[in-house]
Each structure stands twice: as structure tokens, then as C-alpha cells.
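# Architecture at a glance
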Amino acid sequence: MDTHTHQKLLIIDFGSQVTQLIARRLRELNVYCEIHPYQNVTDAFLSQFAPQAVILSGGPASVIDEGSPRAPQSLFNMGIPVLGICYGQQVMMTQLGGLVETGHGTAEFGRAFITPSGKSLPLLEGWFAGGPEQVWMSHGDHVSRIAPGFDVYGTSPNAPFAITADTSRNFYAVQFHPEVHHTPNGGQFYRNFVKLAGFTGDWTMKAYREQAIAEIREQVGDAKVICGLSGGVDSSVAAVLIHEAIGDQLTCVFVDHGLLRKGEADEVVTMFRDNYNIPLVHADESELFLGALDGQSDPETKRKIIGKLFIDVFEKHAKSVGGAKFLAQGTLYPDVIESVSFSGGPSVTIKSHHNVGGLPEKMGLKLVEPLRELFKDEVRALGRELGLPPSFVGRHPFPGPGLAIRCPGEITRQKLDILREADAVYLDQIRKHGLYDEIWQAYVAILPVRTVGVMGDGRTYDYACALRAVTSVDGMTADYYPFTHDFLGETATRLINEVKGINRVTYDITSKPPGTIEWE
């Protein structure tokens, strides 16, 4: 999408695991930024992108090694503010005449405290008010001599040049990571940087909505568009945005695979067909999916069956629309970053993802991806801007394979029915206690074991279930939600009393890593 109307900040990625967090911090300040791997940032790219400021990220390499990553030397002649972070600081020092060394007991990993040097620096406004500032360090090499023109503004026990700056050229370099949660005042640090770089905070969802609508109209013209609607936030926001741009040229295809939560299919159909008057094909293919899954227990096999069938079914119903030239998808910015990442994407497949991959080429369609510049929280903000119901915009993520991956072992209609009822009771409990918005994702998994229980004077032999609730920022890492024992006890009582087929309730307290958010 063309973003020339916004002030732009460029993040040059040297491969840090937390580079995305820099972008999130800046977007929260209404500053438009893009992450690009250092290999792609040439002199020509810099000239075309025309950033108002640049941030050099951290990374795993050592600037001491031959052939290690560098920034374009022309960057330092553009007359714009540049901030180097961790490896970015070391790159800046190396390229501008300083020195980086390894060893000598100056490595730092984890929490550290920085003491100010006593010199004033606008970048540090609001820092050091209560004494030394806590930061997060992660470096083996260290700057042993700063580049000409730089002064020291903060030190830590193992980093004598923890904060350096050449104010005459608007160059700033820090050894720590201000973007991570463990640097508590990191938000203020970035606020100061974008202020001194002259950003006015012109990146808003209202402006994005107007710009996206104009660009969708320009891209699509009078052609037809089909949109795969999952009922989740991303595809729903994309559909409403595109419909606002081109009206009845859009048709949504909602594939109901029989693995949705209680009442979910009716909710999606009602919202889009009745409330938004968006043309919608409701493809109830639950018998097909459940038949194909019969007897299957391996999680990867189940995912692949669902993914392949989804594509086949979607293609069949999309063709019934006739004459469509574009396929709309709810691709988000983290997906885009990963596909062009520093390392070329993840090297290990943890589990297959469920999408309509391969369909555009197979059907000869062009892609419309109006959310590809947005993070998840920005998609929710855009949804609110478009007038989607708050309860819908704020819903927890729901996996493409649906309840199939919350049903370890073989899937049966009976287990799915139990799971739907249990999930409805659990989410009702969370909402009643006012906890829904504090939790990233919550669900019930039905376990592939039966246990003996006693109800009244009778013996039961029913399923055990596991409750899962996690907190997270982006789904990459997660921790379990610390429910009170009173809440868990009350919820277990409701589940056993109200859901026929469950006689034992457990709570999953595994974080991610080592676990995943879903059970399969």
C-alpha cells in the first residue's frame, strides 16, 4: 500500500528477536514505520523510501567478524536522526570511526541499571527521575571507543558507553533494548526520539481507513472480489473495509466446517448478511469435514486434512460467484515481516497453519490485502473505526482448524458437542467475572481420557477437560492467566453440573514456550 502521505520511519533489521517490538512501540505513538532486513536497504532504497528517521535494530552477529551486517554508509550523510540499538549501536560506532571489542568481562545479559553522566539530552527526558534507570541488556561485544563527535550520557557497570549521542548530527546509540517490557521506561524513550525527529503522530486509523478505501477502489476498479470469511477479527475487518470501498462487488464465502463454537456460524451469518448487507455464501460443509476426520488422531494429519478440504471447498463456492478477479485476505504485517525476515523465516515448522495458501495462483486471482501494514491491535482499532461491535472486535483469537485442535485424539460428534457446551460455560464465567479483556485467549480442551467420578449415589465414567487461559502481547510468547482458586472452583462446579459428559476439570498452567497456546 502506498504510504507516501505519512511521515515514515525506517527500521533496519539486523536479525534481533525483538525487532517487531520496536515497530509496535512506534505505532502506539501514531508513527508509521516499516521493518526491512539490512540486505534490502540499499542506497536506492533509502532514497526512494525517504524516511524521516532511521532505527538500527539489534542482532545476533558480531561486528568484529568479517562480512558481518552493516548499514548503508550513505545513511549517515542524509541529515536525518538515526538511533542505534545494541548491535545497531555497535554498527554505528564501527562505521563512524569508533571501536568495538569482545571479552574483558563486559558482556551483559538481562536486567541492568544505567546511571546518567550528568549531561542533558532531550532523548532522556523523563528518565533518571528516581535514580538509576532499569534497562534490559543482551550483548557479548562492547563499545570500547566511541566514534568522533559522540559524548557519553549514561553508563552501566559493564557498559561504559551505554548511552551515547552526537547531538550535532542527531545520531543516538544505546547498548540496551528500550523496546522490551523489561525496560520499564522504554515507551518514554521512544516518545522522546520521535519528538526530536519531528514526528507529529499522523498515523491514525481514521486516516488509514480513508487511504485504504481509496487504494482498494483504485486496485479493484469495477472487478468482483471474493473474501474468505472465517468469522475471526482479521477477515471480518478486511471484509467490512472492502465492502465500504466497493459495495456489492464483494462476495464473502464463509466455510462452516462443523468445528466452530456454539452459535458461531449463526452469529457470523447474521452480522454480515443482515447487519452489513454484505453478499454472503454460507457453505455448510460440516458433514464433509467431519467425515474426512473420522478415525484420525494425529494432530498434523488433522490440520492437513482440514487445510486441504478448506481450499477445495472454498474454491468450489468461490467459482459459483462467477467472474471474480480478486481474492481478499486478512494478511497482517507480522506475516509480511516473517516472509521477508532477516533469516528468511522460521527454520522449524512447529505446526501447519490453516489458510487459503495457493488459491490465488490456482484460480488465477490477484490478492487484495488491505490489512497487510497493520499489527493485530491496529486491526482491532480499525474495526472500531469501521463500527464493528466492540464484543466482536475484542474477541479472542480462534484457530482456523477450530475445535479440531482442542480435541486431542479422535474427533467425534459427541466430543464436539460436549466441547461446545463446555466452552460456552467457561467463556460465560470469564465474562461474568469481568476478565475477558484481560485474557488473550481462553478455551476448553476435551482430553482423550475418561475418568471415574461420583454424582449423587451413582458412578460416572466421563471425559476430563482442561481449561486454558493465557495472557500475551502478540501470541509469540504467552503465560497462563492467574485465576483465583475461587474462580476455578466455581467454574469446575458449573461445568460438571451443566455439561453432560464431563466429570473432571483441570487447569493448564503451561507457558509458551515450552508449550503452545493451543493443545495441538
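Once a new chain begins, its residue numbering starts again from 1 and follows that chain's sequence as written. Local features in this predicted model are restricted to residues of pLDDT 70 or higher, and side-chain atom pairs are both shown and tallied only at a pLDDT of 80 or more, whereas totals for entire chains, interfaces and linings draw on every residue. Only heavy atoms go into the side-chain values, all of them from the structure, while hydrogens and water stay out.

With that settled, consider the confidence of the model for the chain. For every residue, the predictor states its confidence as a pLDDT score lying anywhere from 0 to 100. Residues of the chain with pLDDT of at least 70 account for 91%, and the chain-wide mean is 86. Confidence over residues 342-356 falls short of pLDDT 50; this stretch has 30 contacts with residues more than four positions distant or in other chains. Throughout, a residue-residue contact means that at least one pair of heavy atoms, one from each residue, lies within 4.5 Å.

Further remarks concern the packing of helix α14 (residues 413-432) against helix α15 (residues 485-498). Helix axes are fitted to C-alpha atoms over the stretch in contact, other axes to C-alpha atoms as well, and angles between N-to-C directions run from 0 to 180 degrees. Only DSSP runs of H or I with at least four residues qualify as helices, and only runs of E with at least two residues qualify as strands; both kinds are numbered from the N terminus onward. In contact at an axis separation of 10 Å, α14 and α15 are set at 145° when each is read in the N-to-C sense. Crossing hand, α14 versus α15: right-handed. Contacts between α14 and α15 pair Ala 422, Val 425, Tyr 426, Asp 428, Gln 429, Ile 430 and Lys 432 from the former with Phe 487, Glu 490, Thr 491, Arg 494, Leu 495 and Glu 498 from the latter. Gly falls in the polar group here, along with every residue not listed as nonpolar (Ala, Val, Leu, Ile, Met, Phe, Trp, Tyr, Cys, Pro) or charged (Asp, Glu, Lys, Arg). In the contact of α14 with α15, the residues fall into six nonpolar, two polar and five charged. By definition, any crossing whose near helix is turned counterclockwise from its far helix by less than a right angle is left-handed, and any crossing with a clockwise turn is right-handed.

Turning to the packing of aromatic side chains, a few remarks are in order. Stacked, edge-to-face and tilted are the three classes for Phe, Tyr and Trp ring pairs, Trp counted by its six-membered ring, which pair at centre distances within 6.5 Å; planes under 30 degrees apart are stacked, over 60 edge-to-face, the rest tilted. All chains considered together, the criterion is met by 20 aromatic pairs. Aromatic side chains Phe 176 and Phe 189 sit 5.8 Å apart centroid to centroid with 70° between the ring planes, which places their arrangement in the edge-to-face category. Linking Phe 176 in the loop between β11 (171-174) and α4 (186-196) with Phe 189 in helix α4, this pair joins segments that are 13 residues apart in sequence. Residues Tyr 426 and Phe 483 carry aromatic rings whose centres are separated by 6.4 Å and whose planes lie at 70° to one another, so their mutual orientation is edge-to-face. Here Tyr 426 is found in helix α14, whereas its partner Phe 483 is found in the loop between β19 (479-480) and α15, with 57 residues between them in sequence. Burial here depends on accessible area, computed with a 1.4 Å probe over protein chains only, as a share of the maximum for the residue type. Under 20% is buried, over 50% is exposed, and the range in between is partly exposed. For Tyr 426, a relative accessible area of 0% translates into the label buried. Charge over a ring is defined by NZ of Lys or CZ of Arg lying within 6 Å of the ring centre and within 35 degrees of the ring normal. Over the face of the ring belonging to Phe 49 we find Lys 8, whose NZ or CZ atom lies 4.8 Å from the ring centre.

What follows concerns the pattern of salt bridges. Opposite charge on two side chains lets them pair, provided their charged atoms get close. When a carboxyl oxygen of Asp or Glu is within 4 Å of a side-chain nitrogen of Lys or Arg, the pair counts as a salt bridge. Here the structure, examined in full by the defined rule, presents 23 salt bridges. For Glu 385, the salt bridge identified is with Arg 209, shortest N-O distance 3.3 Å. Of this pair, Glu 385 sits in helix α12 (residues 376-385) while Arg 209 sits in helix α5 (residues 205-220), and the two are 176 residues apart along the sequence. By relative accessible area, which is 30% here, Glu 385 ends up partly exposed. Look at the salt bridges and you will find they share partners, linking Asp 428, Lys 432, Arg 494 and Glu 498 into a network.

If you walk across this open sheet you meet the five strands as β14-β13-β12-β15-β16, and the pairing is parallel. Edge strands, defined here as strands with exactly one partner in the open sheet, are β14 (280-284) and β16 (366-368). Here the average twist between neighbouring strands, direction ignored, is 30°. Whether two strands pair comes down to DSSP finding at least two bridges between them. When strand β12 (residues 224-229) meets strand β13 (residues 250-256), the two strands line up parallel, connected through five bridges. Within β13, the residue paired with Gly 228 across the bridge is Val 253. Packing against the sheet, helix α7 (residues 264-275) makes contact with β12, β13 and β14, and its axis sits at approximately 165° to β14. The strands that helix α9 (residues 299-321) touches are β12, β13, β14 and β15 (324-328); relative to β13, the one it contacts most, it runs at about 145°.

Turning our eyes to something else, we now look at the state of the cysteines. Note on disulfides: each one is a pair of cysteine sulfur atoms within 2.5 Å. Taken as a whole, this structure holds zero disulfides when the rule is applied. You can see Cys 252 has no disulfide; the closest cysteine sulfur is in Cys 227, sitting 4.5 Å from it. We note that Cys 465 lacks a disulfide partner, and the nearest cysteine sulfur, in Cys 407, lies 12 Å from it. Cys 465 sits in the buried class, given a relative accessible area of 0%.

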